[in-house]
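A structural walkthrough
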Amino acid sequence: MTLSNRGCGRTRRSFLADTGLGFTGLALGAMMFRDKARADQTPPDGRPHFAPKAKNVIWIFMCGGVSHLESFDPKLELNRYHGRNIADTPYAEAAQRERNDIIGGNPNHGNRRVLMGLATGVTRHGKSGLLVGDWWRHTGARADDIAVVRSMWTTHNDHGAMLQYHTGRHPREGPFPTIGSWTCYGLGTLNQNLPEYVVLGMPPGDCCGGEWAHGSGYLGPEFAGVRLNPESTDPLPYVRPLQGRSTEQQQSELSLLGRLNSLAGIDYPHDPQLRARIRAYELAYGMQTEVPETFAFDREPAHIRELYGMTGGPTVRFGRQCLAARRLVERGVRFVQLFHGGGGGGEWDAHSGIRANHGRLSSEVDRPIAGLLTDLKQRGMLDETLVVWGTEFGRSPGAEGGDGRDHHPQAFCAWLAGGGIKGGVIHGQTDPIGFHSVGGRHYVTDIHATVLHQLGLDPQRLEIPGRQRLAIDRGRPIMEIIA
Amino acid sequence: MIRLSFRLVGRVSRPVLGRGTGHTPRRDGSGDPFYKRSACWATARRQCAFALMVMIVLSPLASARPPYKRDLGNYLGTFLPAAVNDCRLCHLPDDGDEHPHNAFGKRMRQIGNQLRAAGDENDIPTRLEKISAEDADGDGVSNILEILSGHLPGDANDVPTAAELESAAAKLTAFRRVMPTYRWRPYTPVAAPSVPKVDGPWGQNPIDAFLADEHRKRDLTPRPEADRTTLLRRVTHDLTGLPPTPEELHAFLSDSSPSAYDNVVDRLVASPRYGERWGRHWMDVWRYSDAAGWTAGNQIRDSHPHVWRWRDWIVDSLNADKGYDQMIIEMLAGDEVAPDDPDIVRATGYLVRNYKMLSREKWLQDTVDHTMLAFQATTMACAKCHDHFFDPHTQEEYYRLRAVFEPHKVRIDRVPGQVDTKIDGLSRVFDAEPAAKTFLLIRGDDRFPDKTPLEPGVPKNLGGTFKVEPVPLTDGAIRPDRRPGVIRDLLKSANDAVARAEKAKAKAAGDKAAIAELELAAASAERDSLKAVLAVEQIEQAGKKSGPDWEQAAKDASAAQRAKAVAAAKLAVAQAKGDAKKLPAAEKALASAEQAAQAPASTVFQRRDVKEYPTISTGRRLAFARWLADEQNPLTARVAVNHIWLRHFGQAIVPGVFDFGKNGRLPTHPALLDHLAAELMKSGWKMKPLHRQIVTSRAYRQASTPEAGNLKIDPDNVYVWRMSPRRLEAEAIRDQLLFVSGQLDLTMGGPDIDHTAGMKIFRRSLYFRTAAERQMEFLTLFNVANVNECYERKEAISPQQALALYNNPLVADMARRLAGQLPETAGAYVTAAFERILARAPTENERTECLAYLEGGDVRRQRESLLVVLFNHHEFASLR
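Residues numbered from 1 in each chain as written. Chains lettered and ligands numbered in written order. Predicted model: local features only at pLDDT ≥ 70, side-chain atom pairs only at ≥ 80, totals over all residues. Heavy atoms only, no water.

Here we take up the overall build of chain A. On a plain count of helices and strands, chain A comes out with 15 helices and 15 strands. Sequence separation of at least 24 residues holds for 80% of the intrachain contacts in chain A that already meet a minimum separation of 6. For chain A, the exposed surface amounts to about 15,700 Å²; the carbon and sulfur share of it is 50%. (Helix = DSSP H or I, 4+ residues; strand = E, 2+ residues; numbered from the N terminus. Contact = heavy atoms within 4.5 Å. Areas by Shrake-Rupley, 256 points an atom, 1.4 Å probe, with all protein chains shown as cover.)

In structure tokens form, the structure reads like this:
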């Protein structure tokens, strides 16, 4: 595909690029694709559709399925009817209403009819009196900053739902653009030296979405999430300068490259490809230092590292990711995706021993997440940074094997904070045993729509030529939680 | 809302109405087959613009068809003013659900009916032409002038001003000059159009004549021929995926004969590199994918192991210049046309690739959808849930196509020299269930099949004949494990085991000697048992299933198997010695094996596990393939040449190579496309003559440098007034890096190479594994084909690519290796470096820059560093 003959060589955009108005090579290349508009569809032009509330997104995702019952939607009725068959409780009807829009449960996981009491204590937090499982007490303490959506549902009953959570499509439909890629496609980049869409942590395994969970489907590779690894000395492929190549040598090489490219471009005035390449090298040069600098956590004061739990204990790893997310947002990264417990079907998949499983995993993430909210707030960044917490589905009110809980797509929860979201709000509800979402049910793309809305994008107007989007892909913003 | 409701009015298709109108996904998902529908829409998404809107706001009283409006826009192009690009052109404003025609609309319908009655073309352009000079609303201004001035020809109160009229008249003159004169009829069999008469050099090659005709209409001046070095690099990369060597460059530059370029082209299409280069292109279109799945669970979820044999078939077929028609037949029905020829059966990897462990539905869906996209550029997927909204294909026809593939499944046959199909084998298709029935799925939902089974068939509007005749299969295909070669391999494998045991025994001493002895005994017994079983098979194959010979052989087999069990059990006991846990069980097993061996002789024995497959294949796929590969099929050749053109020029003649339907985009040069399609078929569907005709055209040989006047008229180079500069594909960049450094290993074919070894193994890129999530990182950074769908690559230029070339140890390594091969003196070094890496000599300015650079420090470092810079040069990753 030729950029020059597909893109409109002499448009407003190349003019902007020529005059250096903050358009990088990456964005330039991306925008040239957007120029291939068909008359009847209007791709975004990089500006919001209306005044945005948020500029950046930190999207935190727990892989494997966090129990809604023991996190942000605790059900004390389960303690009351612990050990009783659901048929012998007032809620017998719930189990008879197995939903036919959900791909069937796995019969190997038992019948999950015997209710199991909560495996953790519960506490009310904040002015709203948000009831939260004690595994999440630090996050609970931020109750007045967050809006919990308790009425989520999805259709896939296995961990492919992780992919579905990010694309809105059942995994067997293949890769589709994820929410992060739509964001970048709609708005473009905010920075000069870093990718627009950064992924931290291990994505789901290849059974369950894999790289697609932060991919860009038909939007094209330039909108896919770029994985950076804060744990590694090589956080991005080939980002480290080669050993033995000094800064002076780099500069003299790149400067010779620039001169040779200009000489070779004499017969090609205003060649958008050549311009894109020159800018790509400028951005690449910046990334070599910017990416490692972003992950230079030792530049943070001790009390900040402490806040994220980076000084010791189970929180170190995820704390590092949360702090990296903040530092990326500070540097203008539009969308930061954090995965926790990725690989395979996800670590949170507590078919047995939920007390040990969720107890351990929440101890890794609860403090760092609360620390991130606190830190963003104290820096005034929470106003423009939208934090989203989610997981692919909830877990069953009935026990699996006595001490575990099975997948439960009928009901689960998510929460949002900052970026113009109301704090201290509980939206939607489940029945008293947390089996079904009953009030104001939301499919996963409603979260996407809410994020886009806060960024100033109307999901109904987000189009790409040659592709037909479905109503279900776009979702609807959850207006009840928007300030 | 008037405009909106107008827009949404669509042709209402019968099945949609007949099967309920609840097409809007209910947001609460309560009890509705929500997911299933969305799944269907997902695959139908491609370019189904409007279709969905039509479904959402169903208006049973439809009167305007969006395709009509689109036709109008296609015909008038930029001459159609926005003000009348509207349903109001033909219809009165919304009046409830009725949208009656205005005076112009009525006349359009009337003339349409007249034309139809006379058996003439009655499409929108024809109708418009016929009545363009008329004045439908009687306001004194002709229809065409009203339209061009942005006023409604059906509204007497809407009249252009004098000034508007004047400019409309000028527009009309301009439009008459460029208006399409050749009818694009993608559903009519190809007929070679007459070649426009063009004087001078552009009149020699028909390709040029067609293009020059459009240049002339638009006042475009084609660019002169590119300089010879640029041209040589362009054509060499284009046909082989590699740059020319300095020797080839010098030879070409010093060859002043008129046939110098033609000779180069002949040399290139004859090179085995051609098959690799164009094989990779067709692998994009045919969705090549190695096996993918869940590694930890050891599950193959997509495609199949050993599918690389199909890749090798692609390369071999292209190099042999096998006809495209034959290639289609072999890929879709190789197992039916040549059941005993693994060289042809491997072509069915095309179908094998669609295997989906998790869903047979999706497997068949992908097969139908992508076959129709790849060979017919038809978005058949739209018709999975309802009749196609734009193209003349019904939902029933979708399922008739599915019925073509319904019986087929995938299996792995043994290949010579390897009895374990996990290690190697031939992944292929076969009709596993010849009687499998296909039902129309109501609204595409597999939970709601219709009642009547459907016979296989092809879309009626694509014409042709489709005749299914069952294909009787050969013994080798029915019982592949009985093939003599397989039996030889089994015996060899058993003999090898004995020989290995003998060797081990000779070396073993002490305690191990006893074990080695027993291992040898077990291996020998295993071999004897195999031989005895094979002996029975042999007698049975001669037709004897009883009688003294058979009885004796069966008894021998039984005895050999008993002996084998005893030998194995003895070995197990010896191995379990000292293991208190295992020993008792092993001893018990030995006792029972020995007891069994004492039993009276018997003819009961364990038969070899020989799979038996159906004795006939339905012939459905063969019938379908023959229908596709028929010269009367209107789309096959057109679609193929469009793909070829795209990859030579960087832009297709029909933009959107996968949709030749109403909802796709119109060709820029329909007559040229038809000419090329006719040429392809005339040459027996051989591609090499077509490549030759294209790359020897003046159009192809033009310079790619821009020109201000042309840019103003045609900034996007739609009319090919220059060659478009392009970025090289991912594979070409990597291969070129290795090649110019003298390190590329040109070994051809074989099993897919681990995709993580791409920076260490220097084979050509197409031989590395490529599957969902299993692609070489370096290639993915350069936008390698998505294995699920890539009818046209999208080559971006990104900073990650800059990092991958600049900070890549491989690039530094290649620079080091290449530096050692270049001349000592600085001047010669610079020239050689440019010639090797960029396939051209440096200009004087470049030479000056580089010579100064070489003196900028340590000689060796500067020399290597200069090469690194050239590897990062814009031209290195581009074609000009």
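So, on to the overall build of chain B. When helices and strands are counted, chain B shows 38 helices and 10 strands. Taken along its principal axes, the extent of the C-alpha atoms in chain B is 115 × 85 × 50 Å. With 880 residues in all, chain B has 59% of them scored as buried. Looking at chain B alone, contacts between residues at least 24 apart form 69% of all its contacts between residues at least 6 apart. Working note: accessible area of chain B is about 34,900 Å², and carbon and sulfur atoms make up 53% of it. (Buried < 20%, exposed > 50% of the residue type's maximum accessible area, 1.4 Å probe, protein only.)

Applying the stated rule across the entire model yields 92 salt bridges over all chains. With a shortest N-O distance of 2.6 Å, A:Lys377 and A:Asp145 are connected by a salt bridge. Of this pair, A:Lys377 sits in helix α13 (residues 354–378) while A:Asp145 sits in the loop between α6 (137–140) and β4 (146–153), and the two are 232 residues apart along the sequence. Classification of A:Asp145 as buried rests on a relative accessible area of 11%. Residues B:Asp316 and B:Arg346 are paired through a salt bridge, measuring 3.2 Å at the closest nitrogen-oxygen approach. Placement of the pair is B:Asp316 in helix α15 (residues 308–319) and B:Arg346 in the loop between α17 (342–345) and α18 (349–352), with a sequence separation of 30 residues. With a relative accessible area of 13%, B:Arg346 lands in the buried category. A single salt-bridge network, built from bridges that share partners, covers A:Glu290, A:Glu293, A:Arg299, A:Glu300, A:Arg326, A:Arg327, A:Glu330, A:Arg331, A:Asp375 and A:Arg379. (Salt bridge = Lys/Arg side-chain N within 4 Å of Asp/Glu carboxyl O.)

Of all 6 residues in strand β4 (residues 426–431) of chain B, 6 are buried, a share of seventy percent or more. Across the two faces of β4(B) the burial is the same, with B:Leu426, B:Arg428 and B:Phe430 and B:Ser427, B:Val429 and B:Asp431 all buried.

In this section: the side chain of B:Asp137. Residues and elements named next belong to chain B. By the secondary structure assignment, Asp-137 is in the loop between α7 (124–131) and α8 (143–148). Of the side chains with opposite charge, Arg-107 lies nearest to the buried Asp-137, which makes no salt bridge, at 11 Å. Among the polar contacts listed, one links the side chain of Asp-137 to the backbone nitrogen of Ala-156, at a separation of 3.5 Å. Those residues in contact with Asp-137 that sit more than four places away from it in its chain are Ala-103, Glu-146, Leu-152, Pro-153, Gly-154, Asp-155 and Ala-156. (Lys, Arg positive; Asp, Glu negative; His and termini not counted. Polar contact = N/O pair within 3.5 Å; in protein donor to acceptor, adjacent residues only side chain to side chain.)

All names here are of chain B. The buried fraction of helix α32 (residues 730–740) amounts to 10 of the 11 residues, a majority that puts the element mostly inside the structure. The set of residues buried in α32 consists of Ala-730, Glu-731, Ala-732, Ile-733, Arg-734, Asp-735, Gln-736, Leu-737, Leu-738 and Val-740. Just downstream of α32, Gly-742 is the residue with a positive phi angle, here 75 degrees.

The subject of this paragraph is the packing of helix α36 (residues 826–838) of chain B against helix α37 (residues 844–854) of chain B. Residues and elements named next belong to chain B. Two numbers describe how α36 lies on α37: the axes approach to 10 Å, and their chain directions differ by 120 degrees. Compared by their axis directions, α36 and α37 come out oblique. Once α36 is placed against α37, the crossing between them reads as right-handed. Facing Ala-826, Gly-827, Tyr-829, Val-830, Thr-831 and Phe-834 of α36, the residues of α37 in contact are Glu-846, Arg-847, Cys-850, Leu-851 and Leu-854. Looking at the contact of α36 with α37 residue by residue, the classes come out as 7 nonpolar, 2 polar and 2 charged. (Axes fitted to C-alpha atoms, helices over the stretch in contact; angles between N-to-C directions. Parallel < 35°, antiparallel > 145°, perpendicular 65-115°, else oblique. Left-handed = near helix turned anticlockwise from the far one by under 90°. Nonpolar A, V, L, I, M, F, W, Y, C, P; charged D, E, K, R; others polar.)

With 8 of its 11 residues buried, helix α35 (residues 809–819) of chain B lies for the most part within the structure. The residue sitting at the N-terminus of α35(B) and contributing the capping side-chain oxygen is B:Asn808; that oxygen lies 2.9 Å from the backbone nitrogen of B:Leu810.

Our next topic: the confidence of the model for chain B. Residues and elements named next belong to chain B. Mean pLDDT over chain B stands at 89; residues scoring 70 or higher make up 92%. Low pLDDT (under 50) marks residues 1–64, which in the prediction has 166 contacts with non-local residues, meaning those over four places away or in another chain. For this predicted complex, the interface confidence score (ipTM) comes to 0.84, while the overall pTM stands at 0.79. (pLDDT = per-residue confidence, 0-100.)

To continue, consider the packing of aromatic side chains. Overall, the coordinates contain 41 aromatic pairs over all chains when judged by the stated rule. Between A:Phe72 and A:Trp136, the ring centres sit 5.6 Å apart and the planes meet at 50 degrees, which makes this aromatic pair tilted. Residue A:Phe72 is located in the loop between β1 (56–62) and α4 (76–80), and its partner A:Trp136 is located in the loop between β3 (130–133) and α6; the two are separated by 64 residues in the primary sequence. Both residues of the pair, A:Phe72 and A:Trp136, belong to the buried class. Centroid distance B:Phe430 to B:Tyr613: 4.8 Å. Interplanar angle 65 degrees. Geometry classified as edge-to-face. Taken as a pair, B:Phe430 in strand β4 and B:Tyr613 in the loop between α25 (583–598) and β8 (616–617) lie far apart in primary sequence, 183 residues in all. Feature note: the residues B:Trp282, B:Trp286, B:Tyr288, B:Trp310, B:Tyr324, B:Tyr350, B:Phe375 and B:Trp685 constitute an aromatic cluster, connected by ring pairs. (Phe/Tyr/Trp six-rings, centres within 6.5 Å; stacked < 30°, edge-to-face > 60°.)

Residue and element names in this part refer to chain A. Of all residues in chain A, 88% have pLDDT values of 70 or greater, and the mean over the chain is 85. In the predicted structure, residues 1–40 sits below a pLDDT of 50 and forms 111 contacts with residues beyond four places in sequence or in another chain. Overall, residues 99–104 carries pLDDT values under 50, and its contacts beyond four positions in sequence, including any with other chains, amount to 25 contacts.

Further remarks concern the side chain of B:His874. You can see B:His874 is positioned in the loop between α38 (859–871) and β10 (878–879). Apart from residues no more than four positions distant in its own chain, B:His874 is found in contact with A:Asn261, A:Asp271, A:Gln273, A:Leu274, A:Arg277 and B:Arg880.

Residue and element names in this part refer to chain B. Its identity as a non-glycine residue notwithstanding, Asp-219 has a phi of 60 degrees, on the positive side. Mapped onto the fold, Asp-219 is located in the loop between α10 (206–218) and α11 (228–240). If you check the backbone angles, Arg-443 has positive phi at about 55 degrees while not being a glycine. Following the sequence through the fold, Arg-443 ends up in the loop between β5 (439–441) and β6 (449–453).

On to the packing of helix α24 (residues 547–576) of chain B against α25(B). All names here are of chain B. Their axes nearest at 8 Å, the elements α24 and α25 cross at an angle of 160 degrees. Taken together, the axis directions place α24 and α25 in an arrangement best described as roughly antiparallel. With respect to the hand of their crossing, α24 and α25 are arranged in left-handed fashion. In this structure, α24 uses Arg-562, Ala-565, Val-566, Ala-569, Lys-570, Ala-572, Val-573 and Ala-576 to contact α25, whose residues at the interface are Leu-583, Ala-586, Glu-587, Ala-589, Leu-590, Ala-593, Glu-594, Ala-596 and Ala-597. Looking at the contact of α24 with α25, its residues break down into 13 nonpolar, no polar and 4 charged.

On to the nonpolar core, then. Ranked by size, the top nonpolar core spans 223 residues in total, and within it A:Trp136 and B:Trp286 carry the most contacts. For B:Trp286, the residues in contact, after removing those within four places along its chain, are B:Trp310, B:Ile314, B:Tyr324, B:Met327, B:Met331, B:Tyr350, B:Arg353, B:Ala374 and B:Phe375. (Core = buried A, V, L, I, M, F, W, Y, C linked by side-chain atoms within 4.5 Å.)

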